[in-house]
Protein chains: 2
Amino acid sequence: MTHVSDATLRKFVGYHMKRAFNVVQADLAKTLKPFDLRMLTYSALVLIVDNPGMRQSQLADAMDIERPNLVMIIDELERRELIVRDRVPNDRRAYALKATLQGSQLCDQAIKSVVAHEEQLLVALDDDARANLVTALKLIETSLKRDTL
Amino acid sequence: MTHVSDATLRKFVGYHMKRAFNVVQADLAKTLKPFDLRMLTYSALVLIVDNPGMRQSQLADAMDIERPNLVMIIDELERRELIVRDRVPNDRRAYALKATLQGSQLCDQAIKSVVAHEEQLLVALDDDARANLVTALKLIETSLKRDTL
DNA sequence: TATTGTTATACTCTATAACTATA
DNA sequence: TATAGTTATAGAGTATAACAATA
């Protein structure tokens, strides 16, 4: 056999999503490597910069991961002094997450690099096609939630 | 803080792709559970049904995974008697993978179920929007390869 | 009682090096 | 020497149960 047919799998949108997402993910990982960030540490840092004072449980919620899995991510960002665990007033159980100056500066640089790399990935799509893509992805993301309304 | 802003991340197509893909992946896993299949065992089974006699190295290539990681997948499908490892004539190193009757029947049922579930995910998209989505995903998947031409 | 963060644990997916048997 | 399949191993991401401190 010299040629492998994926005719059946090709009919599924999920198949194309997995393949495209793998490319995006690999490229993002490569883009973030110079900053010593991964997708998860990057997402967490961006969200903390944008939402100073947020709690870990809120961050886990926003990132769609379980609380225990966030602990090591926050540990890593804190160890590198990109964020700090401040105390929430009137609730000594929780931490108020805040980016340091160093953290928000690294975040800005990383965002610039990610923007440039994403532009390369989307170079074949015009503005309309990009808008339609995001719209379609949002509809898919919320399709099952809408079912239960 | 009562509201978390993801304004920065929302600007990235990759962010929307991750979220949409997570939904698709979770739904697919749930859909395949009654058949005792995972995404990887499902993809492998479909490809073997469509390409009887293919070798493991070809299958790993088609699935975009490393050869060692395919071994347990094939082991599992073989143990459940959904496929067999036949011998390739004139090359005693390689196996010719073939689905059993039981395997191709399970595959047909699984495909039907996946088709139905995917229809639910895409219910908000008309035919045009679906075609545009697949086109966009294919362009993203091949964007970096085209760069190097 | 319930919640926040944490520890421990386990399972899946992925990646690499090294082995065996064949070619 | 090169290739097909295998073994062993390690890392990342994810999920659950259970705990201490606090509400």
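As a starting point, this report considers the structure included with it.

Cut-offs and rules
Counting of residues starts from 1 at the beginning of each chain's written sequence and follows it residue by residue. Lettering for chains starts from A, numbering for ligands starts from 1, and both go in the order in which the items are written. In keeping with the predicted nature of the model, local features appear solely for residues at pLDDT of at least 70, side-chain atom pairs appear and are counted solely at 80 or more, and the whole-chain, interface and lining totals rest on all residues. With hydrogens and water excluded, all non-hydrogen atoms of the structure serve as input to the side-chain values. Here a residue is near a molecule or strand as soon as one of its heavy atoms is found within 4 Å of it. In protein, a polar contact requires one atom able to donate a hydrogen and another able to accept it; more generally it is a pair of N or O atoms within 3.5 Å, and residues adjacent in sequence count only if both atoms are side-chain atoms. Here a helix means four or more residues in a row that DSSP labels H or I, a strand means two or more in a row labelled E, and each is numbered from the N terminus. Nonpolar residues are Ala, Val, Leu, Ile, Met, Phe, Trp, Tyr, Cys and Pro. Charged residues are Asp, Glu, Lys and Arg, and all others, Gly as well, are polar. Each copy is superposed on the other by least squares, with the fit set by C-alpha atoms of residues at a pLDDT of at least 70 in both. Whether two residues are in contact is decided by their heavy atoms, any of which lying within 4.5 Å being enough. Burial classes follow relative accessibility: with a 1.4 Å probe on protein chains only, a residue under 20% of its type's maximum area counts as buried, one over 50% as exposed, and anything between as partly exposed. Multiplying 1.5 Å by the helix residue count minus one yields the expected span of that helix.

What follows deals with the protein's contact with DNA strand D. The environment of DNA strand D is formed by 21 residues, the closest being Arg38 and Asn69 of chain A together with Gln56, Ser57 and Arg93 of chain B. In the interface set of DNA strand D, defined as its atoms within 4 Å of the protein, sugar plus phosphate atoms amount to 62%. Contact distances for DNA strand D include 3.1 Å between a phosphate oxygen and a backbone N or O atom of Tyr95 of chain B. Looking at the surface near DNA strand D, the elements with two or more residues in it are helix 5 (67–79) and strand 2 (91–99) of chain A together with helix 3 (56–63), helix 4 (67–79) and strand 2 (91–99) of chain B. A breakdown of the residues in the surface near DNA strand D according to their chemical character gives seven nonpolar, four polar and ten charged.

Now for the relation of the copies chain A and chain B. Under the fitted operation, chain A is carried onto chain B by 0.1 Å of movement along the axis and a turn of 180°, and the coordinates agree to an RMSD of 0.2 Å. Taken together, the rotation and translation describe the operation of a two-fold axis. Within chain A, the C-alpha atom positioned nearest to the axis of rotation is that of Leu133 of chain A, 3.0 Å from it. Mapped onto chain B, 100% of the interface residues of chain A are again interface residues, and the two copies thus contact each other with one and the same surface.

Right, let's get into the environment of Val4 of chain B. Along the polypeptide, Val4 of chain B turns up in the segment before helix 1 (13–32). For Val4 of chain B, a relative accessible area of 22% translates into the label partly exposed. In this structure Val4 of chain B touches Leu47, Asn51, Met54, Gln58 and Ala62 of chain A, once residues within four positions along its chain are discounted.

Below, the discussion takes up helix 5 (residues 101–121) of chain B. Helix length check: helix 5 of chain B (21 residues) gives 30 Å between terminal C-alpha atoms against 30 Å at 1.5 Å per residue, within 8%. The set of residues buried in helix 5 of chain B consists of Gly103, Leu106, Cys107, Ala110, Ile111, Ser113, Val114, Glu118 and Leu121 of chain B.

Take it as geometry only, folks, not as evidence of what the structure does.
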